[in-house]
Amino acid sequence: MPRIADERQLNPQPQVVHELLQVLPADCVLAAEDELAPYECDGLSAFRQRPMAVALPTTVEQVQAVMRVCHAAAVPVVARGAGTGLSGGALPLADGVLLSLARFTRILELDPANLTARVEPGVRNLSISEAAARHGLYYAPDPSSQIACSIGGNVAENAGGVHCLKYGLTVHNILKLKLVSVEGEVFEVGSAAFDAPGLDLLALMNGSEGMLAVIVEATVKLLPRAERAQALLAAFEDVERAGAAVARIIASGITPAGLEMMDNPAIRAAEDFAHAGYPRDAAAILICELDGTNAEVSHDVMRVREILLDGGATEVRTARDEAERLAFWKGRKSAFPAVGRISPDYYCMDGTIPRRELSAVLKRIDELSEHYGLRVANVFHAGDGNLHPLILYDANQPGELDRAEDFGGDILELCVKVGGTVSGEHGVGVEKLNQMCVQFNTEELEQLHALKAAFDPAGTLNPGKAVPTLHRCAEFGAMHVHHGELPFPELPRV
Amino acid sequence: MPDASIRGELPPERDIEVELREQVAAAHAAGTTLAIAGGGTKAFYGRSLETAATLDVTPHQGVVAYEPTELAITVRAGTPLAAVEALLDANGQQLPFEPPHFGAAATVGGAVAAGLSGPRRPYAASVRDAVLGVRMLNGRGQVLDFGGRVMKNVAGYDVSRLMAGSLGVLGVLLEVSLKVMPKPVGKLTLLREEPLERALGLMRQWAGRSLNLTATAWADGHLYARLCGSDEALAEGRGAIGGEPLAARGFWTNLREQRLAAFDGPEPLWRVSVAPASGPLTLAERQVVEWGGGLRWFKADLDPVETRAAAQAAGGHATLFRAGGGTARGDVFTPLGEVSARLHRRLKQAFDPAGILNPGRMYPEL
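What counts and what doesn't
Residues numbered from 1 in each chain as written. Chains lettered and ligands numbered in written order. Predicted model: local features only at pLDDT ≥ 70, side-chain atom pairs only at ≥ 80, totals over all residues. Helix = DSSP H or I, 4+ residues; strand = E, 2+ residues; numbered from the N terminus. Rg over C-alpha atoms; globule rule 2.2 N^0.38 Å. Buried ≥ 20, exposed ≤ 12 C-beta atoms within 10 Å, placed from the backbone. Contact = placed C-beta atoms within 7 Å. Expected span 1.5 Å × (residues − 1). Arc of directions from axis to C-beta. Nonpolar A, V, L, I, M, F, W, Y, C, P; charged D, E, K, R; others polar. Core = buried A, V, L, I, M, F, W, Y, C linked by C-beta atoms within 7 Å.

(A) Summary view of the overall build of chain A. Of the regular secondary structure elements, chain A holds 17 helices and 19 strands. A compact globule built from 494 residues should have a C-alpha radius of gyration of about 23 Å, and chain A, at 23 Å, falls within 12% of that. For the C-alpha atoms alone, the extent of chain A along its principal axes is close to 70 × 60 × 45 Å. Residues counted as buried form 59% of the 494 residues belonging to chain A. In chain A, 72% of the contacts between residues at least 6 apart in sequence involve partners at least 24 apart.

Here you go:
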């Protein structure tokens, strides 16, 4: 059972499996229980549900055919890329078809003159940069899962990464999408130029969590590799000073390519796992990467070093060579699996906060950690305010998962309270539906539902995800009051 | 409230949200069409409007939040663009998208709703890239907040970026939160005499290299390139770009504001947006190129069908940007495909069910 129940009235239409077999080769339709098992969850494995069937088309025409069959029978469709998403956006529905784009793995065109790549949605993020490397180009957004996650999923979630401050999110790096509508029609948004006529549907598609249309092709922006990249690692005795140093770097007018913070539990876990050379006793470390032309990087490295030392860093290391720079990053990028080694399970949160609130938020997370009796390790995209607290728990201990979820919910509500958001880059999916009720009021939620209905009038594309029903929010609000311990009683509620 | 430590002068404050909300709600109830008005500097852009009434947003002014180290500013939509740019400048920052003003009365809301970006666009960001959040009225007169003031936010559909360039057909902007960027420590414009075809080739060569370019243009037989950075970085860039430094100031502002000689005269002005590596387009004699080859301006009374076909063949689209004396042929924007047009109509219905906001400004049916 999914941990957040599907509220919909189910529409079981088992004959759809036979109809799919009419439009797809037999090896493109899975319906046996054991075949469905690998698809029962995405990267949020606490939520599981087997779909009625899995469709694995290999052509756009087949995707259209699947959509037409499902549309005619009012059967819900959930699109899935590599299944690495962390918010349950690709969680199947019991009466639905899971539409896997995993077989769309071709890079269709590299265009170094226009600095673009045209790719199928199942192409892995990292493989775009690998293919573009021979032209001295790369694709900038680099979520930590980039060796596995696919570009279609990146667009659906508007994925971020560690270089967003300077190079933007997925939405800033996509030029054009080819999509299939819920009715099975092909259409395009964006263009090969810098803009397109009409409303900016391209921006709207990014981060729409598979609720508006199915992505079947993406044209992405490529950037020239910087002439040079250099990274600094700074250790601090307390988190406040590390946070203040971040603000001072930004205030100096330098835009680092990456600016990451880790707290002590995260440092220890990452160091034990990746042997990146992190100072194990530091309360916090900052990793600051600077890239650009040679002269620019030399200039900025000196300034950032001074700022860090002035800001109370106990140690500042500049990577001696490319190997050490990559080691600094390896520790950071492997923080999640590293934490996975020190705890049977962990729950990754994804709030964004204004940077100035960092120390207050971390202090409150500490208090909540004590309250719930669960450890937490924090990794933080400090440059853009995106916080990833990793709550450590053991699913085999009765009640621990429930406590972890409550703890996570409190953190997200705290992010909203200080002027941030419940999701910076992982998406709402099913996971954060309740917290959406805190961030948006009734009229805003109604507007979001109306927007979805413009693309999907019957509501069969990934229904129940990303935007909570008003009914759910009413129940969630009531539940909070029943507990009698509303975390932030001063917040307006719907 | 803006941070107490910021430098420079804050624009005057006035909050008329309640009045604006009441006007839109009343217009919704009565089915009265409204023209949303900022400073009127871009009234020429888009299809002409005939509405029963005007909704004047210009009194709704002031900086709601600004902390330079958060790299974001939130302002009311009627705030003069020039005042916001001056405030950012005093704090060593700037808007990444370098928007055209087209007059002193330009407002921030108008700049976002028009969605027009200036010379820095390919090298930094477009208007919509820089939008972090909006507070808006939909066509029912409901006050809605989408996005926020933080860099990363994927909660809910990205309505705030959808509003950029929407020409007021979905809602009335009340406040916008924009990403800002540091001003460069130094800049340098280099000038080379080059024919169009060679100039386009050079722009593409440079775009594929790690250079500190912030703008490129071709006009009157000359290729212009703007670099930014420290003295060392500028020297390095000059070595790569070649040409001579341009002593006269104001070229980029004049390009952005369409005050170069090539923009003079009563003829219509066509904006042709193409894949940047497209070869020379010879639609008319008088041409200005920007954005590394991605934007081509033509000052002539062009045939709309041929112009749009040429733009489409080059991966883009053509807009009748200024109709000149009003005699220009054809509609303003490139018509949409069938599915896209249907989605546009349904989105309009979702945000403005009575069809009262800027009806017909973008397309006749919106």
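Next comes the rest of the description.
(B) Structural context of unusual backbone geometry. Positive phi, normally seen in glycine, also occurs at histidine 275 of chain A, with a value near 50 degrees. Within the secondary structure layout, histidine 275 of chain A lies in the loop between α9 (264–274) and β14 (284–292). Phi at tryptophan 291 of chain B is positive, roughly 55 degrees, even though this residue is not glycine. With respect to the helices, strands and loops of the structure, tryptophan 291 of chain B is situated in the loop between β15 (287–290) and β16 (295–299). Judged by the 25 C-beta atoms lying within 10 Å of it, tryptophan 291 of chain B is buried.

(C) Structural detail: the environment of threonine 58 of chain A. Its location among the elements puts threonine 58 of chain A in the loop between β2 (53–55) and α3 (60–73). Threonine 58 of chain A sits 42 residues away from serine 100 of chain A along the chain, and the two C-alpha atoms are 9.5 Å apart.

(D) Here's a closer look at helix α16 (residues 442–455) of chain A. Residue and element names in this part refer to chain A. When the terminal C-alpha atoms of α16 are compared, their 21 Å separation across 14 residues agrees well with the 20 Å that a helix rising 1.5 Å per residue should span. Turning to α16, its buried residues are Glu444, Leu445, Gln447, Leu448, Leu451, Lys452 and Phe455. Relative to the axis of α16, the buried residues are bounded by an arc of 160 degrees and lie together on one face.

(E) Up close: the interface of chain A and chain B. Listed as interface residues are 77 residues of chain A and, on the opposing side, 68 residues of chain B. Secondary-structure elements contributing two or more residues to the side of chain A that touches chain B are α6 (164–167), α7 (201–205), α8 (239–251), α10 (294–310), α15 (433–439) and α16 of chain A. The leading source of residues in the side of chain A that touches chain B is α16 of chain A, at nine residues. Each residue belonging to the side of chain A that touches chain B can be placed in one class, and the counts come to 36 nonpolar, 28 polar and 13 charged.

(F) Just the nonpolar core, in detail. Counting 278 residues, the largest nonpolar core has Val66, Val97, Ile285, Leu286 and Ile391 of chain A together with Val172 of chain B as its most contacted members. Residue contributions to this core peak at seven residues, all from helix α14 (residues 400–417) of chain A. Excluding its chain neighbours within four sequence positions, the residues that come into contact with isoleucine 285 of chain A are Leu233, Ala234, Ala235, Met262, Ile267, Tyr278 and Pro279 of chain A.

(G) Summary view of α8 of chain A. Residues and elements named next belong to chain A. Between its first and last C-alpha, α8 extends 19 Å over 13 residues, near the 18 Å set by a 1.5 Å rise per residue. All buried positions along α8 are accounted for by Val239, Arg241, Ala242, Gly243, Ala245, Val246, Ile249 and Ile250. As for α8, its buried residues are in contact with β12 (228–236), β13 (258–263), β14, α10 and α13 (358–372).

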